[in-house]
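Structural features, examined
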Amino acid sequence: MQNKGLIKLFALLFGLVSIYQLSYTFITSKIESDAEAYASATVSPDVTDYVTQREMVEASYLDSVAKNPILGFTSYEEAKKKELNKGLDLKGGINVTLQISVKDILKGLANYSKNPTFNKALADADLASKSSDETYLELFFDAFDQIKGDTKLASPDIFANKGLSDEVNFEMSDEEVKGVIRRKVDESVVSAFEVLRERIDGFGVTQPNIQREGNSGRILVELPGARDIARAQDLLSSTAQLEFWETYEPGNQSLLNFFIQANESLKSIVEQEEVAVKPESEIDSLLSDVAQDSLDLSAQQNPLFEKLQLSGPGFAVGMAAIKDTAEIGAWLRLPQIRRLLSPDVQFTKFLWERPSQGIEVAALYALKSNRDNTPRMSGDVVSDARDQFDQFNRPAVGMDMNVRGAREWQELTNEANLNNTGIAIVLDNRVYTAPGVSSKGGIAGGSSEITGTFSVTETKDIANVLRAGKLPASAEIIDSFVVGPSLGQEAIDSGFMSFIIAMIFVLFWMVFYYGKAGIFSDIALVLNIVLIFGVLASLGAVLTLPGIAGIVLTIGMSVDANVLIFERIKEELQKGKGMSQAVSDGFDNALSSILDANITTGLTALILLVFGTGPIKGFATTLIIGILTSLFTAIFITRLLIDWYLSKRGRKLDFSTALTKNLFTNVNIDFLSKRKIAYAISGIFVVLGLVSLFTKGLDQGVDFVGGRNYQIRFVDPVSPAEITGELSEVLGSAGAKTFGDANQIMVTTKYKVDEQGTEVDDEILQLLFTTLQKYLPDGATYADFVPGGTNEDIGVMKYRKVGPTIADDIKKNAVWAVIGSLAVVFLYILFRFRKWQFSLGAVVAVFHDVLIVLGVFSATSALMPFSMEIDQAFIAAILTVIGYSLNDTVVVFDRIREIINEKGWKGGENINLALNSTLSRTLNTSLTTLVVLLSIFIFGGETLRGFMFAMIIGVIVGTYSSLFIATPVMFDTLSRKLAKGKE
């Protein structure tokens, strides 16, 4: 081997740099463990809300030591920035995909045009976006072109308006306007991106990740370690639309008459149900106390007044239980109800107050509005915002306004003083406060304050979003993935366990099978693991649970290169060559097979990286890094160690032990003669699988069909069938199945899957809690139940929401990923082997493997005690199976090509020779990989079980197909002359 000194230097530096990068992770882990121990010792479990209290103490401890020097070269604050990033499934937190509404942006650019062609094009684009990969903007342009007639985009009532007068004029063609609009939309998405970045910076999580997804208007946000899930979701989805409205004076007679008429009209609209008499609840009692002076209408059935109590605190017009606010709001928006408003209040806007934490009622406000539904003042006049305390020492938000805002504010507050009305401060369609004004002449100076029942954290967040500014359009959460912190720790423990067991087995097996040479392979393998983690840390990559699976899989596959090398060295020794020459030739002859096998696996990993999302990218990243480091350690490090050992006189290596010396040496199986039997067996399995696929189908997860799923843990075992029935009554459609242990279930539902917003998420969580409360321990609260709640041992451990649109995108990406991997591999094998028969054999074998895996999943999904859902992880498993199968097939094809080039075809005789000569390597690699997969399957956690099951089936079938499908198909498609050995 040339340049040994250079390789030694590179290996030494590479290893040292990796250890240096990992040192930051060890430092942060040690300090955080100390902080956790300190918090546990400081706050007793007997303290109310001790989990939150411990988190505060822990955070305070870390803040106090953040800048202290450590080992003379770093501090905790600095090390935290350079540590190995952990994904959500290992650390807990939230991952969301936000869809910035391009429709809202277009409406704003068109100055909310009422042009029928423009609005029809928007409606058509809405419809088309449900079944198209095109961006919304291009769909709008296409829709407009189809219906425009004589209407132009540069019409005065569309884009040639006052707001765009500097860039769009009446003479411009549609194509010219499209260019301007594309740029404006992109600027708006960039603006949204920057607003979100500023908000996240103020949120206080370490290692946040925010990135745009192409030109789709989607923004991916990941907040690892975020424990207050509801706060994080509010922060991301809030548009920060601050508005100032004037309320009506208390006891307005026109509004009172409206509510009476609305109640009468609703009697004929709402279907009345006989309600059994029940004890008065705490909410009913509270509402009745609030409404002492309201109309006494309880003696008759009154749809509205049974849920809404007229009159309320301050300038509110009524109060209702929070659970009824959505229904009341829907009634008040009905056209036939809106028509009951008298002319002096006909444009009234009804809004609910922001519900206070722990309070189960909310006030309803009637705001003075106009035909265009625009507020008296908007939040763009706010120049600064800060969290502070009001005159009663309660948390509040202070605001300063610009010159225009100060003038408008004084005018508005003066009118409120004269009219005896309030000023409703509205943020994202929620009334935060509605004080009256006692100052004659209004409030000068432009300073104001938002008060209410806030915590210090809430005022910080409100000030944060106001400072960052409002989003240019609404941001809908179309995909979210939430993991509780306790589940993250469990994932780390299970992943570490599977990692250790796999390592021990592989290290032991290599020594057992190859003796001293196996020790050198083990040293290279350990270095390989250090390098993988070091590269991940230095690149700032995120380590996920599938990523750990990728590393553990790399352990199994990385020995493949050493197995290939050692088997070739053994062959060279059998030819009578000297030890040094045999080692040199063994490494050289194995190189082609090693490169081909790893390149094919690497290609499928690259496709996963391109088409995958979230954790799947983590799996692909670690697999690619593992392939590269494995090549380096197997080819160079193992060679250095063997050469060093053999450099001393009298030393020799047998590359086997007494038990394994003669294994597979005299094997002479006629594989080709058994191909018809193999075709028949494979045909039966494929047909049975297809029958199951067409009759039973596959259990598609929410990734592919949309919906929500919740991993919920109880103390005692529960019945999934019983829970399914109970939840179906509440949610309409719901399914529950055991997920791991008998006290844990996975609930899947499509309830309100088309509706966006955190309100729907909160509603479903509340419904789940109410329905499942009887299965929880006595005294368990809603705060215990929600993810990241006060009790980490029960409740929702993890949940996922996928909107229908993104589910379609995921499904299409999955299909393209599989097709793309097959096409790329076909072309690569064609390029390497120069005969299309080799490519055909490989692709047929891969199709065979994929169909059998799909068939097994379809046939056994109802029988297995773990989740068999088809999701993104399953697609990753399929692609990895493709890579593994091709890895095996390419090694066999390489040996066939080598022997055929030396000895010719001889009617297939030499093909059998090639297959037999690679049998030791094939079974060795398959066995080690299978044991590694079984280790992850058993110890790696419930989340990975279905993923690993697909991999195990794939490895078994892939090993079989490389011998009995790929090679026979290649042979059968050769010309007769070649097959008979005449060419």
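Rules used in this analysis
- Residues numbered from 1 in each chain as written.
- Predicted model: local features only at pLDDT ≥ 70, side-chain atom pairs only at ≥ 80, totals over all residues.
- Heavy atoms only, no water.
- Pairing = 2+ DSSP bridges.
- Helix = DSSP H or I, 4+ residues; strand = E, 2+ residues; numbered from the N terminus.
- Axes fitted to C-alpha atoms, helices over the stretch in contact; angles between N-to-C directions.
- Phe/Tyr/Trp six-rings, centres within 6.5 Å; stacked < 30°, edge-to-face > 60°.
- Buried < 20%, exposed > 50% of the residue type's maximum accessible area, 1.4 Å probe, protein only.
- Lys NZ or Arg CZ within 6 Å of the ring centre and 35° of its normal.
- Core = buried A, V, L, I, M, F, W, Y, C linked by side-chain atoms within 4.5 Å.
- Contact = heavy atoms within 4.5 Å.
- Salt bridge = Lys/Arg side-chain N within 4 Å of Asp/Glu carboxyl O.
- pLDDT = per-residue confidence, 0-100.
- Expected span 1.5 Å × (residues − 1).

**A closer look at the sheet that holds strand 14 (residues 395–401)**
- An order of 13-14-17 is seen for the three strands of this open sheet, with the pairing classed as antiparallel. In this open sheet, the two edge strands, each paired with only one partner strand, are strand 13 (382–389) and strand 17 (447–450). When the angles between neighbouring strand axes are averaged without regard to direction, this sheet yields 25°.
- In the sheet, strand 13 pairs with strand 14 via seven bridges, with the strands oriented antiparallel. Pairing of valine 382 across the sheet is with methionine 401, part of strand 14.

**Describing the packing of aromatic side chains**
- Counted according to the given criterion, the structure contains 29 aromatic pairs.
- Look at phenylalanine 258 and phenylalanine 350: their rings are 5.7 Å apart centre to centre, the planes differ by 15°, and that puts the pair in the stacked class. Residue phenylalanine 258 is found in helix 10 (residues 253–269), and its partner phenylalanine 350 is found in strand 10 (residues 349–352); the two are separated by 92 residues along the sequence.
- Residue classification places phenylalanine 258 among the buried positions, given a relative accessible area of 1%.
- A relative accessible area of 16% means that phenylalanine 350 is categorised as buried.
- Members of the aromatic cluster, each reached through a chain of ring pairs, are Phe505, Phe508, Trp509, Phe512, Tyr513, Tyr514, Phe566 and Phe655.
- Above the plane of the ring of phenylalanine 587 lies arginine 639, whose end atom (NZ or CZ) is 5.0 Å from the centre.

**Overview of the nonpolar core**
- One finds Phe566, Ile642, Phe874 and Ile882 to be the most contacted residues of the largest nonpolar core, which totals 127 residues.
- For isoleucine 882, the residues in contact, after removing those within four places along its chain, are Thr604, Val818, Ser821, Leu822, Val846 and Val850.

**Comments concerning the pattern of salt bridges**
- Evaluated as defined, the whole model comprises 32 salt bridges.
- The closest approach of N and O atoms between lysine 577 and aspartate 585, which form a salt bridge, is 2.7 Å.
- For aspartate 585, a relative accessible area of 16% puts it in the buried group.
- Overlapping salt bridges, with partners in common, bring together Asp145, Lys148, Asp174, Glu175 and Lys178 in one network.

**Focus: the confidence of the model for the protein chain**
- Counting all residues, the mean pLDDT for the protein chain is 78, and 82% of those residues have values of 70 or more.
- The lowest-confidence element of the protein chain is helix 11 (residues 282–290), averaging 46 in pLDDT; the highest-confidence one is strand 10, averaging 90.
- Of the regions scoring below 50 in pLDDT, residues 272–300 engages in 29 contacts with residues more than four places distant in sequence or in other chains.

**Examining helix 27 (residues 836–860)**
- Over its 25 residues, helix 27 runs 36 Å from end to end, which matches the ideal 36 Å to within 8%, given 1.5 Å per residue.
- Among the 25 residues of helix 27, 18 are classified as buried, and the element is accordingly described as predominantly covered.

**As for helix 17 (residues 516–539)**
- Given a rise of 1.5 Å per residue, 24 residues ought to cover 34 Å, and the 35 Å separating the end C-alpha atoms of helix 17 matches this to within 8%.
- Backbone geometry just downstream of helix 17 places glycine 540 in the positive-phi region, at approximately 75°.

**Describing the pairing of strand 14**
- Most of strand 14 sits inside the fold, with six of its seven residues counted as buried.
- Linking strand 13 to strand 14, which pair antiparallel, is a turn of five residues; within it asparagine 393 sits at a positive phi near 65°.
- As paired elements, strand 14 and strand 17 share four bridges and run antiparallel to each other. Opposite valine 397, over in strand 17, you have isoleucine 450 as the bridge partner.

**Regarding unusual backbone geometry**
- In this model, asparagine 111 sits at a positive phi of 55°, which is unusual for a non-glycine residue.
- Inspection of the secondary structure puts asparagine 111 in the loop between helix 5 (102–109) and helix 6 (116–129).
- Note on asparagine 111: relative accessible area 55%, which makes it exposed.
- You will see that asparagine 393, though not glycine, has its phi angle at about 65°, which is positive.
- Looking at the element boundaries, asparagine 393 is found in the loop between strand 13 and strand 14.

**A look at the sheet that holds strand 16 (residues 430–433)**
- An order of 12-7-15-16 is seen for the four strands of this open sheet, with the pairing classed as antiparallel. Single-partner strands in this sheet number two, and they are strand 12 (377–378) and strand 16.
- Running over the sheet, helix 14 (residues 403–419) touches strand 7 (242–246), strand 12 and strand 15 (423–427) and is turned about 30° from strand 7.

**Thoughts on the pairing of strand 11 (residues 361–367)**
- Burial analysis of strand 11 places seven of its seven residues in the buried class, which makes it a mostly covered element.
- Burial along strand 11 is two-sided: the residues Val361, Ala363, Tyr365 and Leu367 and Ala362, Leu364 and Ala366 are all buried.
- Bridge count for strand 9 (residues 318–321) against strand 11 is four bridges, and the pairing is antiparallel. Residue pairing across strands places methionine 319 opposite alanine 363, the latter belonging to strand 11.

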